[in-house]
Every structure is written in C-alpha cells, then in structure tokens.
Amino acid sequence: RALGVGAESVVGVCLERSLELVVALLAILKAGGGYLPLDPEYPAERLHYMLADAGAAVLISARGLRDRVDAPGVRRLELDGAAAAIAAHPKSAPADVLGPHNLAYVIYTSGSTGTPKGVAVTHGGLSNVLLAMQEQVLLDRHDRLMAVTTIGFDIAALELFLPLISGAGLAIAARETVQDPPALARTIEKTGSTILQGTPTLWHALTTNGAEGLRGLTMLVGGEPLTDKLSLALRGLGGQVTNLYGPTETTIWSAVMALDDDDAQTPPLGRPIWNTRIYVLDGCLEPVPVGVVGELYIAGAGVGRGYVGRGGLTGERFVADRFGAAGGRMYRSGDLARWRGDGVLEFVGRADHQVKVRGFRIEPGEIEAALVGHADVTQAVVVARSDRAGVSQLVGYVVLAAGAQVDGAALRSHVGARLPDYMVPSAIVVLDRLPLTANGKLDRGALPAPQVRAGVLRFARNPREELLCALFAEVLGLERVGIDDDFFALGGHSLLATRLISRIRSSLDVELSIRSLFEAPTVAGLVERLDEGSPTRSDLEPLLPIRSHGIMQPLFCIHHAGGFSWPYSRLISHLPSDYPIYGLQARNLTEPKMLPNTIEEVAADYLNLIREIQPAGPYNLLGCAWRGRARSAFAAASHRWGRLVVGSAGAGPIAWLWGAAGW
C-alpha cells in the first residue's frame, strides 16, 4: 500500500517458484490489488507486452531476474534488495477494503489475433471456486498439496491457495523436478504429499515413470480431456480421482466429477460447482435435449469481467444470460458437450480451432502470426496432431515466398524467440501450397503428417540392442530406429529423454542417468556404456555434456535463472553435428550450501570449467537471461588470460550468442 497499491491496482509478479512467490501473491491481495503472474521462463518480449497491456504500476521481482523483464515506467520492488525495508513494515494485516467485485488477478491466455489476451478475474470468482473445491476435496492439517503448475497457468492459484485456506500444508516443486517425472514421484513421496493437481499430460508421465510412489494420492486432473486409458490407470492407484473442467474466463474450474469405476471408463466433465450454471445450447441459444450435442455456456459467480482493453472481444464471448437475473452474463466456451440423463456433462470436442497441448489452451492463430512474421513465410497454418504415442503436439505448415529457402529448424527458433516454449511447434512442414476444399477453404484434413525417419544404417546385433532400438522407437513414435541414429536428431528433447531413461531402467534393470543419454545419444553408444559399467554421474553436475563429440569449436550454454541446462538439448537437432555442446549448471544444484557472493565469482568458476574442455579461446557462449553485468564479468575474467579475438559479438575472447528464450 505504501507503493500506492489498492483496489483495482495491477501488480506484476515475476519470481521463481518459491515461498517468496506465495508471500508476494498474498501481499498483493491483502493490499487490495490484483496480481499479474509473469513466468520468468517466458520470452522477455511477451512479459513486457503483458506488463504494459495490463497497465501494471508495480513489479515484484528479484535482482537475478532483472534482465528477464523490461519494465519502463513501472516501479520495481526487488525482494532480495528490499528485505530490510519490507521487514520494517507492520506484520499485522491491513484493513480490508475489498468487495467481491474487485479485481483479484489478470492472467494471459493465447490470442487468435497474434497477441495474448488478459482475462480479468474478481475476488468473488476466486473465493467461490476455492470454497467449492474445499468442500469437494476436504483437506485438513494432515494433508499436503504438491504444487507443480507454472504461475502463468490459472490452475496454479488453486494449488497455492486451497491448502492455505484449509489448514493443510503446501509443498512447491522446483521447475526441474516437475520436468523429471521419476524425480517428481520421489519428491511427492519424500515430502509426504497427499494431493496433486495436474494435467493429463503430467499424470501420464507420472504413471509411466514412478507410479508406485503415487499410491493412495488424491488426484485432481484437468486442463485437457482425460482419456479412458489414463483414467483407469489413475483409478488403479487406489486414491480418489477427480476430473475437473473450466475455462480461464470462468475462474479456474466450473465443473467437477469424482470418478468411480463406471465413470472411469468414459470420464465425464461432471456437474457444476457452487453458484455455477452450465447450459448446452444450439445456434439459436436454445437448450438442447439430453444426449444432443450443443455449445457449452457458463454463468454464475465464476464468470470473469472479460478481456482487458478488448471490449469487442469481451462482448462476443461474454453474452447476456437470458436464463438468469437481469444484467447477468454467460461465457461462450467454444466447447461442445451434451448432458447425460443423470445430469452429468460429457465433453465432445471444440467448436473452433482452439487446441489444448500439455494443459495449455492455445490459439493457433497466435503461432501462425509469429510464423508469418518471418520474412520468408507467406502463409502458415498450425494444428494439433497426435503422435504415434497418442500425445497431442503442435505441427506448423508454411508456404515460403518465391525463391526463399529456410528450414523448419530455423522457423522453430524464430517462433521460440517470440512465444513460450509450449507454443513452439514440434515440427514445421514446408509445403508448395496449402490444401483447399472444393469451395476454396483450407482443408485441414489434407495436411500431411510430419515425416521423421530414422536412417537405420545398422540394425540391432543382439537382444540388448534390439530392446534399446525398440524403446527409442516407442518413445519417439517411429516405426524403426537403428543403432547409430541420434535420439535428439530424431526429435527427442529433455522431456522425452526422461521417458526413455525410465523405460530403459525398468526394462534392463540398470541405473542410467539422463546425462548418459546426452553423452551417448545412440543405441550403440549406450550399449558401450552399459557394457563398460561406467559409473553414473549426476545430471546436475556443473558441466553437462549435451553433445561431447565434434571437431568444431564448442558451444557453451549458460543456464537460465533456475540453474538448469537440460533445455538446451533441443539445440542438438538445430546445430550441425560437428559442433560440441556443453551446458553450464549452477553449482548449488549439487552443493546447496555453495552460493557465490558475486557474479564475478560465477563467471570465473564457469570459465574454469570451460577451459577443461577448450583450454584456449575464442569461446562461444549462449545465454537466455545473462546480459549486462554478467556479460561484462565473463569478458573481464577472460581478458585476464590475455586472449583476444577479432570479429566477436563484443570485445574480448567471447562470442556471445543471444538465443531464443524457447531453447
């Protein structure tokens, strides 16, 4: 409040997953403001747009994240630098100045026009869903909820606030832990967590990579359709499984269903939560009979205000509720559904082209706009397709300008510099022209599936290689993989790597780290390591060999604010195989008490690690969040070695390559 925060103020929050993040959100709400969640992993350009579009006057962040978000004209409060000033303020709660109609948060979702749109949610809507879920889940002081969702996804609010209003415990999983399903399963067990909320994508990864640690867990599933196969697998773990449904515009969840054995066969959306009405209507806004498919509309306490600064779009999606009190509104979800005879909703599909991937609701138009923004692209279409493993992934299709030559890897990099990682297509296909129907409209059904083929120069020579080749093919969704085919060159990435390593561990009863896959990404290479009995090294060691072979000058990738370099594995399919790639990771991942005092210390330490691989400069460094003082610190440390380079991106023996934040 001393910074002028009060009712209807918007305060940006850009912090890593931590206790400080939860405290900051509560502080904003108690001061009367509405919070704007900013995931530090999002591209800086997107974060800057969200801050400006929402009209935020204050930004809560930390010194280490200063370069992640540019905030001209916004007052910045850095918690680590203002700790003493904050401690001087009263510890008692300020006087309540809020009503149910006041703003609680603004959260951004993908927009069909090429820019994200902010949804304004009220305290009344947030309180309603929290109290409704409190009755549904029945937490007490013996429970602990494991929070796993990025703050940029609205369901994170339920994870952070529900245990606090219920007297239960809250455990916040690190970003790296969430990306490693076996590690997450161990963390759930180690922390004594009793409840977890996640998307079907996350639950699928958990059930195939550590299901034993999930037995008896209360499981909340939502964000994308729950399949019968996954539903049955979750029910088999013995805990309560609750399917949840709701758009961001109607405050997190609007329908809920605790699944029994019968419902697990065909998981329904469920029934409306407290103070919520759901209608299934035809094109004339008339209710359809039971069993007939119609568009789903939601009314009641959870309906948000609309889209920030977009009156036209708000009027289109938030329409008058002709079945409720005068002045009421209902939200047009775009989802197709039908009522069962017992008053339970069933999901049928989408009425438009909006898709959900990994739980995130995505407007393909925003990705298409990013692709067309490339100078060599004239047309672009993005769709969601299921791979051979049944996992939904984004695929882009582009038509190039006359005479232009650009490959899918370069276009993925272009998109990754502008959009969050989850919006970067897994594959981009270049077409001569887009397929059309007889009436001249885009024929989405005629878009070809992306072709990823293994070279298969050498086949398996023994049962162990045959099994590993089969596991590679299964995880990558390919028909066949040879012993010399590179896992990452075939489209593998860090998430698929965790799945593959888990499969190998269980099938061969061996201990193998993800690091081993980076060092030996082929079946032949892994077999050699297993035959040699090479000791397993930690995946979190400061120097991570992502691709250790190659005759060209290595590329050294400096970790983002989380300290973790695995995401750079995606570079393997973008850089020629002659270039070695190494990741530099924070030392406190393996030595928690080792915390540097200055950036200069970090630079000197990392440059010593670099010299173990490449004793003499020049050096190629890649960073997503290291700029300004960090760059100067590396340059200064390298100058002390007396080595200079001509033609680098800056003075000194270091060529800085500022890459796409999506890498």
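Anything mentioned here points back to the structure above.
Values in this document were obtained by computation on a predicted structure and should not be read as measured data.

Here is what the cut-offs are and how they apply
Residues numbered from 1 in each chain as written. Predicted model: local features only at pLDDT ≥ 70, side-chain atom pairs only at ≥ 80, totals over all residues. Heavy atoms only, no water. Helix = DSSP H or I, 4+ residues; strand = E, 2+ residues; numbered from the N terminus. Buried < 20%, exposed > 50% of the residue type's maximum accessible area, 1.4 Å probe, protein only. Contact = heavy atoms within 4.5 Å. Areas by Shrake-Rupley, 256 points an atom, 1.4 Å probe, with all protein chains shown as cover. Phe/Tyr/Trp six-rings, centres within 6.5 Å; stacked < 30°, edge-to-face > 60°. Arc of directions from axis to C-beta. Polar contact = N/O pair within 3.5 Å; in protein donor to acceptor, adjacent residues only side chain to side chain. Pairing = 2+ DSSP bridges. Axes fitted to C-alpha atoms, helices over the stretch in contact; angles between N-to-C directions. Core = buried A, V, L, I, M, F, W, Y, C linked by side-chain atoms within 4.5 Å. Salt bridge = Lys/Arg side-chain N within 4 Å of Asp/Glu carboxyl O. Patch = residues over 30% accessible without salt bridge, like charges linked within 9 Å, V, L, I, M, F, W, Y side chains within 5 Å. Right-handed = clockwise from strand over helix to strand, strands pointing away.

**Here's the deal with the overall build of the protein**
Part 1: When helices and strands are counted, the protein shows 19 helices and 29 strands.
Part 2: Taking all 663 residues of the protein together, the buried fraction comes to 54%.
Part 3: Within the protein, counting contacts between residues at least 6 apart in sequence, those at least 24 apart form 63% of the total.
Part 4: Of the accessible surface of the protein, which amounts to about 28000 Å², a share of 52% is contributed by carbon and sulfur atoms.

**As for the packing of aromatic side chains**
Part 1: As enumerated under the stated definition, the model contains eight aromatic pairs in all.
Part 2: Both rings, one in Y307 and one in F318, keep their centres 5.6 Å apart while their planes meet at 75 degrees; by these two values the pair is edge-to-face. Taken as a pair, Y307 in strand 16 (residues 306-307) and F318 in strand 17 (residues 318-320) lie far apart in primary sequence, 11 residues in all. Each member of the pair Y307 and F318 is classed as buried.

**Focus on helix 9 (residues 228-235)**
Part 1: Taken residue by residue, helix 9 has L230, S231 and L234 as its buried positions. Taken down its axis, helix 9 places every buried residue within 100 degrees of arc, on the same side.
Part 2: Contact partners of the buried residues in helix 9: helix 8 (200-207), strand 10 (218-221), strand 11 (241-245) and helix 10 (261-265).
Part 3: Of the residues flanking the start of helix 9, the one acting as N-cap is T227, its side-chain oxygen 3.2 Å from the backbone nitrogen of L230.

**What to know about the sheet that holds strand 24 (residues 427-431)**
Part 1: In space, the three strands of this open sheet follow the order 22-23-24, with mixed pairing throughout. Because the sheet does not close on itself, it has two edges, and the strands there are strand 22 (377-386) and strand 24. Pairwise comparison of adjacent strand axes, ignoring direction, gives a mean angle of 25 degrees for this sheet.
Part 2: By the bridge criterion, nine bridges tie strand 22 to strand 23 (residues 392-400) in an arrangement that is antiparallel. Bridge pairing links R385 to Q393 in strand 23.
Part 3: Its contacts with the sheet place helix 12 (residues 364-372) against strand 22, strand 23 and strand 24, and it is angled at close to 145 degrees to strand 22.
Part 4: Against the sheet, helix 13 (residues 408-416) engages strand 22, strand 23 and strand 24, with an angle of about 125 degrees to strand 24.

**Re helix 8**
Working note: α-helix, 3.6 residues per turn, so residues spaced by three or four point in the same direction.
Part 1: Most of helix 8 is tucked away: six of the eight residues are buried.
Part 2: The complete set of buried residues in helix 8 reads P200, L202, W203, A205, L206 and T207.
Part 3: In this structure, the buried side of helix 8 is in contact with helix 6 (175-178), helix 7 (181-191), strand 9 (195-198), strand 10 and helix 9.

**A short note on the environment of P364**
Part 1: Following the sequence through the fold, P364 ends up in helix 12.
Part 2: Given the relative accessible area of 6%, P364 is considered buried.
Part 3: Every residue in contact with P364, bar those within four places of it in the chain, is listed here: H353, Q354, V355 and V382.

**Quick look at unusual backbone geometry**
Part 1: Phi angles above zero are rare outside glycine, and L138 is one such case at about 60 degrees.
Part 2: Mapped onto the secondary structure, L138 falls in the loop between helix 4 (123-137) and strand 7 (144-147).
Part 3: The backbone of T251 sits at a positive phi, close to 70 degrees, despite the residue not being glycine.
Part 4: Relative to the helices and strands, T251 is located in the loop between strand 11 and strand 12 (255-258).

**Re the nonpolar core**
Part 1: With 93 residues, the main nonpolar core has Y35, L36, L126, M133, F161, I252 and I362 as its most contacted residues.
Part 2: Per-element accounting of this core gives the leading share, seven residues, to helix 1 (residues 19-31).
Part 3: Aside from chain neighbours lying at most four places away, what touches I252 is Y105, L126, V129, D154, I155, A157, L158, G246 and P247.
Part 4: Formed by 38 residues, the second largest nonpolar core is a distinct cluster that contains C469, F487, L544 and F564.

**A word on the pairing of strand 15 (residues 294-300)**
Part 1: Where burial is concerned, most of strand 15 is hidden: six out of the seven residues are buried.
Part 2: Relative to strand 15, strand 14 (residues 276-281) is paired through six bridges, and the arrangement is antiparallel. The residue of strand 15 that forms the bridge with I278 is I298.
Part 3: Bridge analysis of strand 15 against strand 18 (residues 329-339) gives five bridges, and the strand direction is antiparallel. Paired with E295 across the strands is L336, a residue of strand 18.

**What about the environment of T378?**
Part 1: Topologically, T378 is positioned in strand 22.
Part 2: According to the relative accessible area criterion, T378 is partly exposed, its value standing at 45%.
Part 3: With 22 residues separating them in the primary sequence, T378 and L400 have C-alpha atoms 5.5 Å apart.
Part 4: Those residues in contact with T378, other than ones at most four positions away along the chain, are V372, V399, L400 and A401.

**Remarks on the side chain of R340**
Part 1: Inspection of the secondary structure assignment puts R340 in the loop between strand 18 and strand 19 (345-350).
Part 2: For R340, the side chain forms a polar contact with the side chain of D263, separated by 3.3 Å.
Part 3: Among residues more than four places away in sequence, those in contact with R340 are M257, D263, P268, V290 and E346.

**A short note on the sheet that holds strand 9**
Part 1: Pairing within the open sheet is mixed, and its seven strands lie in the order 8-7-9-10-11-12-13. Of all the strands in the sheet, just strand 8 (169-172) and strand 13 (271-272) have a single pairing partner and so form its edges.
Part 2: Here strand 11 runs beside strand 12; their pairing, made up of four bridges, is antiparallel. Across the sheet, the residue bridging to Y245 is A255, located in strand 12.
Part 3: Contacts from helix 7 reach strand 7 and strand 9, with the element oriented near 155 degrees to strand 7.

**Some points on the pattern of salt bridges**
As a working rule, side chains carrying opposite charge can pair if their charged atoms are close by.
Part 1: Taken as a whole and judged by the stated rule, the model has 14 salt bridges.
Part 2: A salt bridge links R235 to D261; the nearest nitrogen and oxygen atoms lie 2.7 Å apart. Pair noted here: R235 is in helix 9 and D261 is in helix 10, with a separation of 26 residues, a long-range link.
Part 3: Judged by relative accessible area, which is 25%, R235 ranks as partly exposed.

**Regarding a nonpolar patch on the surface**
Part 1: A grouping of L26, L131, L164, I165 and W274 is seen on the molecular surface, where their side chains present a nonpolar patch of about 400 Å² in accessible area.
Part 2: Among the structural elements, L164 can be located in helix 5 (residues 156-166).
Part 3: With relative accessibility at 40%, the residue L164 sits in the partly exposed group.

**Here we look at the pairing of strand 7**
Part 1: Taken together, the four bridges between strand 7 and strand 8 define a ladder with parallel strand orientation. Residue pairing in the sheet places R144 in a bridge with G169 of strand 8.
Part 2: In this view, the connection linking strand 7 to its parallel neighbour strand 8 by way of helix 5 has right-handed handedness.
Part 3: Relative to strand 9, strand 7 is paired through two bridges, and the arrangement is parallel. Along strand 9, the bridge assignment pairs M146 with L196.

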